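Fold and geometry: a report
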Amino acid sequence: MFSADHRRRVHRFAVATRAALLLVTVAGCSDGNGIVAPVVPSVAECNGVSVAVRNLAPLESVVISGADAACFALAGEGRDYLVVPQLVGASLPYGGYGFRLGNPTTVTASVVSNTPDPAWLQMAQGRAIAEPPMDAQARLDARMRARERSEPRGAAVPQGAPQLSVSGAVPAAPAELRTFSVLNTLDAVEAYSPVNARLRFSGAKMLLYVDTLAQAALSEQELQSIGSLYDERLTPAVTSNFGDGSDIDGNQRVIFLLTPTVNALVSKAQCGATGFVRGFFFSHDLRSTNVTSNRGEVFYGYVPDESGQWSCAHSKAEVLANLPPTFMHELQHMLSYGEHAVKRNGPAEEGWLNEGLSHMAEEVGSLIYESRFPAPTGRTTPTSIFPDSATPFINPNLLYSYRYLFSSATFSLTGCAPGTFCTLSERGGTWLWLRWMADQRTTRDFRAFVETSRTGRANLEAVTGRSTAELLGNFVLAVSADSIPGVARTAVSARLRFTSRNLRRIYRGLFEAYGVIGGVGRPFPIEPLPLVANAAVTGTMRPGTFLTYRMSVPAGTPSALLRMRALDGTPFPESSGAQVSVLRLP
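Residues numbered from 1 in each chain as written. Predicted model: local features only at pLDDT ≥ 70, side-chain atom pairs only at ≥ 80, totals over all residues. Heavy atoms only, no water.

1. Some remarks on the state of the cysteines
We apply this condition: Disulfides are defined as pairs of cysteine sulfur atoms found within 2.5 Å of each other.
According to the stated counting rule, one finds two disulfides in the structure shown. The disulfide partner of Cys416 is Cys422, and the gap between their sulfur atoms is 1.7 Å. Handedness here is read from the sign of the S-S torsion; for Cys416 and Cys422, about -60 degrees, the answer is left-handed.

Structure (structure tokens):
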């Protein structure tokens, strides 16, 4: 199910995180982020006397929001519930917000440990861990997305340059030998190198150029195979799902440039510690009229380098496996920027949604091979969930989404920390959220998200016809309610199901492949925290995060009173979007 190369990546992640600890912030003391010790709240306005008791049927759910979230009651007498608080306010600043959930007459305080346990032990004990520092690819991606958001809008079409392509126009024959200007540094001050490249494949959707310095990196047969794959399968799969993008050079194709300049973005000495860059798209080529702009839709990729001539060594097999998902990821960014900023003169898509859509583009690659190789074909191990050819596309998303769900109170779905780039876990969470949304729709393509000038929540809500609060409120239950052991999937409401993926089966496979030492702490990432009926817990969460609790109301107790409030007992302001999703368990 999981490739050897991906196993090595997971091991490197686990090793790196041993030195990067992040504890889930809980109430009881200040943590320097404005979280203060709780005080005993007044209960006069919520005493349970006049509160209607919600009597849910088995597997029935409800999202309780607004003033109702500040005081509600659930029927008891032996009933079990999942209780999932969230903060979903669009105007809520990013940060940690203390909350108190339950009946405040008794408080079950969580314990903060400052013991510097290794990452694998934190996972084994059910505590959140930090992501390692961004590697070279993530640092470059962060710069690219920030650059897109700050670029002037519209296409870079200087006088005398080709205009936006006209439907039906015949593109000019591509140059056999062309000089490209390629970014050659990860430093803040940009620098470029001229790269002479020869055309090695010309297709209907893609032109493949190879740096003349790396002509021997791939054979003619391999180049033709690469060209056919990207031209006939990968590029059409992305454009059919996400839109056509711009075409400012009028060639009606994407240029794919393989060059060791990408390899050399990271030195051989740095590579082991910081990772390397596989490929990228640069909005500079679509927006700038500077001589360093190639004024066209270009994807830059690294080349095989067995001897480590240009940086750390990269085998041919590694490059051929890693480039396709990277290409599909970056192609979505290219299409998104072309549709939003070039064709519609609007802002680039917000980072969290832009990255989530690019991870969806990776999954589109997996779906190509899942369709070609139904189980048990195409698998080294016949029982593997995915064919071998699909794993480079799907495995990273599975691991990142597992990390997100494991630490769901730490990583936000709806935004990145100010001044930062979305972490891999946040991207994995957004991918999973979008996967669930796609499973809820009659059409599963994502063109509507891309072919628009809308961004962020406004884009999400316009496409789905649902509020962000409703989408998040149902999703946080779906990740637990889908595929409950011993319960038929059809017994759960359709809005709480994934139709294309069985999360429990997938994450169990992840656990069996990697285990605790590999960074996968248990067979299913969500382990509900205990919530005692008519008691309370305190904690903190960020906007766009959630925590999952399980509450059992003992026989003889007719109902359980709950309040979702700030630490001082006052109701959350309306702008916070405080809400609680509840599912009655069978």
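Now, onward.
2. Brief notes about the nonpolar core
Which entries qualify depends on this criterion: To define a nonpolar core, start from buried Ala, Val, Leu, Ile, Met, Phe, Trp, Tyr and Cys residues and group those joined through side-chain atoms within 4.5 Å. Note on classification: 1.4 Å probe, protein chains only; a residue is buried when its accessible area is under 20% of the maximum for its type, exposed when over 50%, partly exposed between these limits. Elements are defined by DSSP. Helices are runs of H or I of four residues or more, strands are runs of E of two residues or more, and each kind is numbered from the N terminus. Contacts: residue pairs with any heavy atoms within 4.5 Å of one another.
Of all hydrophobic cores here, the largest spans 123 residues; its most connected members are Phe242, Phe280, Trp433 and Phe475. Ranked by residues supplied to this core, first place goes to helix α8 (residues 316–343) with ten residues. In contact with Phe475, not counting residues within four places along its chain, are Leu413, Gly429, Leu432, Trp433, Trp436 and Phe498. In this structure, Phe72, Leu562, Met564 and Val582 belong to the second largest nonpolar core, which totals 30 residues.

3. Looking at the sheet that holds strand β9 (residues 206–211)
The following threshold applies: Any two strands are treated as partners once DSSP identifies two or more bridges connecting them. Note on geometry: axes are lines fitted to C-alpha atoms, helical ones only across the stretch in contact, with angles between N-to-C directions running from 0 to 180 degrees.
Ordered by their spatial adjacency, six strands build an open sheet running β7-β8-β9-β10-β12-β11, and the pairing between neighbours is mixed. The open sheet is flanked by β7 (177–183) and β11 (279–281), the only strands paired with a single partner. Averaged over neighbouring strand pairs, the angle between their axes works out to 30 degrees when direction is ignored. Running at roughly 5 degrees to β11, helix α3 (residues 136–150) makes contact with β7 and β11 of the sheet. Strands in contact with helix α4 (residues 220–242) are β8 (192–202), β9 and β10 (254–258); relative to β9, the strand with the most contacts, it is inclined by about 145 degrees.

4. A look at the sheet that holds strand β17 (residues 578–584)
If you walk across this open sheet you meet the five strands as β2-β17-β4-β15-β13, and the pairing is mixed. If you trace the sheet from one side to the other, it starts and ends with β2 (61–65) and β13 (529–530), each paired once. Note that β13 and strand β15 (residues 549–552) share two bridges and pair parallel. Bridging across to β15, Leu529 finds its partner in Tyr549. Its contacts with the sheet put helix α14 (residues 468–481) on β2, β4 (80–87) and β17, and the angle it makes with β17 is roughly 35 degrees.

5. Digging into the pattern of salt bridges
Here is the rule we go by: We define a salt bridge as a side-chain nitrogen of Lys or Arg found within 4 Å of a carboxyl oxygen belonging to Asp or Glu.
For the structure on display, the rule yields 19 salt bridges. In this structure, Asp244 and Arg447 form a salt bridge, with 3.8 Å as the shortest nitrogen-oxygen distance. Of this pair, Asp244 sits in the loop between α4 and β10 while Arg447 sits in helix α12 (residues 447–450), placing them 203 residues apart in sequence. Measuring nitrogen to oxygen at the nearest pair gives 3.2 Å for the salt bridge that ties Arg427 to Glu355. Placement of the pair is Arg427 in helix α11 (residues 424–440) and Glu355 in helix α9 (residues 351–372), with a sequence separation of 72 residues. The two residues Arg427 and Glu355 agree in class, both being buried. Within the structure, one salt-bridge network assembled from shared partners comprises Glu363, Glu370, Arg435, Asp439 and Arg501.

6. Remarks on the pairing of β4
Counting buried positions along β4 yields eight of eight residues, so the element is predominantly enclosed. Across the two faces of β4 the burial is the same, with Asp80, Leu82, Val84 and Gln86 and Tyr81, Val83, Pro85 and Leu87 all buried. Bridging between β4 and β17 involves seven bridges; their strand directions are antiparallel. In the sheet register, Val84 faces β17, and the bridge partner there is Ser581.

7. Overview of the side chain of Asp439
Threshold: Any N or O atom pair separated by 3.5 Å or less is treated as a polar contact, with the protein-specific requirement of one donor-capable and one acceptor-capable atom, and with residues adjacent in sequence counted only for side-chain atom pairs.
Among the secondary structure elements, Asp439 is positioned in helix α11. Of note is the side chain of Asp439, whose polar atom sits 2.9 Å from the side chain of Arg435.

8. A few points about the confidence of the model for the protein
Here is the rule we go by: As a per-residue measure, pLDDT tells how confident the predictor is, with possible values from 0 to 100.
Looking at the protein, the pLDDT average stands at 85 and 84% of residues meet or exceed 70. Below a pLDDT of 50 lies the segment residues 10–44, which in the model reaches 78 contacts outside its immediate sequence neighbourhood of four places, other chains included.

9. Quick look at the packing of aromatic side chains
Going by this rule: Here a Phe, Tyr or Trp ring, Trp counted by its six-membered ring, pairs with any other such ring whose centre lies within 6.5 Å, and the pair is stacked when the planes are under 30 degrees apart, edge-to-face when over 60, and tilted otherwise. A ring is considered to have a charge above it if a Lys NZ or an Arg CZ atom is located within 6 Å of its centre and within 35 degrees of its normal.
Applying the stated rule across the entire model yields 20 aromatic pairs. Here the aromatic residues Tyr230, Phe256, Phe299 and Phe327 are joined through ring pairs into a cluster of three or more. Positioned above the aromatic ring of Phe524, the side-chain terminus of Arg504 is 4.1 Å from the ring centre.

10. Notes on the side chain of Asp482
Structurally, Asp482 can be placed in the loop between α14 and α15 (503–514). When its relative accessible area of 1% is taken as the criterion, Asp482 is described as buried. Among the polar contacts made by the side chain of Asp482, one reaches the main-chain amide nitrogen of Phe498 at a distance of 2.9 Å. When neighbours within four sequence positions are excluded, Asp482 is seen to be in contact with Arg489, Leu496, Arg497, Phe498, Arg501, Asn502, Leu503 and Arg504.

11. Concerning the environment of Val476
By the secondary structure assignment, Val476 is in helix α14. Sequence separation between Val476 and Ser581 is 105 residues; the distance between their C-alpha atoms is 7.6 Å. With residues near it in sequence (within four places) discarded, Val476 still touches Val84, Gln86, Phe546 and Ser581.

12. What about α3?
To keep it simple, the criterion reads: Between the first and last residue of a helix there are one fewer steps than residues, each counted as 1.5 Å, and that sum is the expected span.
For α3, which comprises 15 residues, the first-to-last C-alpha distance of 21 Å matches the rise-based estimate of 21 Å (1.5 Å per residue) to within 8%. Within α3 the residues assigned to the buried category are Ala136, Gln137, Ala138, Leu140, Asp141, Ala142, Met144, Arg145, Arg147 and Glu148. Two or three places before Gln137, at the start of α3, stands the capping residue Asp135, its side-chain oxygen 3.3 Å from that residue's backbone nitrogen.

13. Things to note about α15
Note the following rule: An arc is given here, and it is the one of the directions from the helix axis to the C-beta atoms.
The end-to-end C-alpha distance of α15, which contains twelve residues, comes to 16 Å, matching closely the 16 Å that a straight helix rising 1.5 Å per residue would cover. Where α15 is concerned, the buried positions are Leu503, Ile506, Tyr507, Gly509, Leu510, Ala513 and Tyr514. Projected down its long axis, α15 shows its buried positions confined to an angular sector of 150 degrees, all on one face. At the exit of α15 stands Gly515, carrying a positive phi of roughly 70 degrees.

14. Some thoughts on unusual backbone geometry
Put simply, Ala375 and Pro376 share a cis peptide bond, and its omega is 5 degrees. Among the structural elements, Pro376 can be located in the loop between α9 and α10 (391–406). Look at Gln252: it is not a glycine, yet its phi comes out positive at around 60 degrees. Mapped onto the secondary structure, Gln252 falls in the loop between α4 and β10. Taking the relative accessible area as the measure of exposure, Gln252 reaches 36% and is therefore partly exposed. Its identity as a non-glycine residue notwithstanding, Asn345 has a phi of 55 degrees, on the positive side. Along the polypeptide, Asn345 turns up in the loop between α8 and α9.

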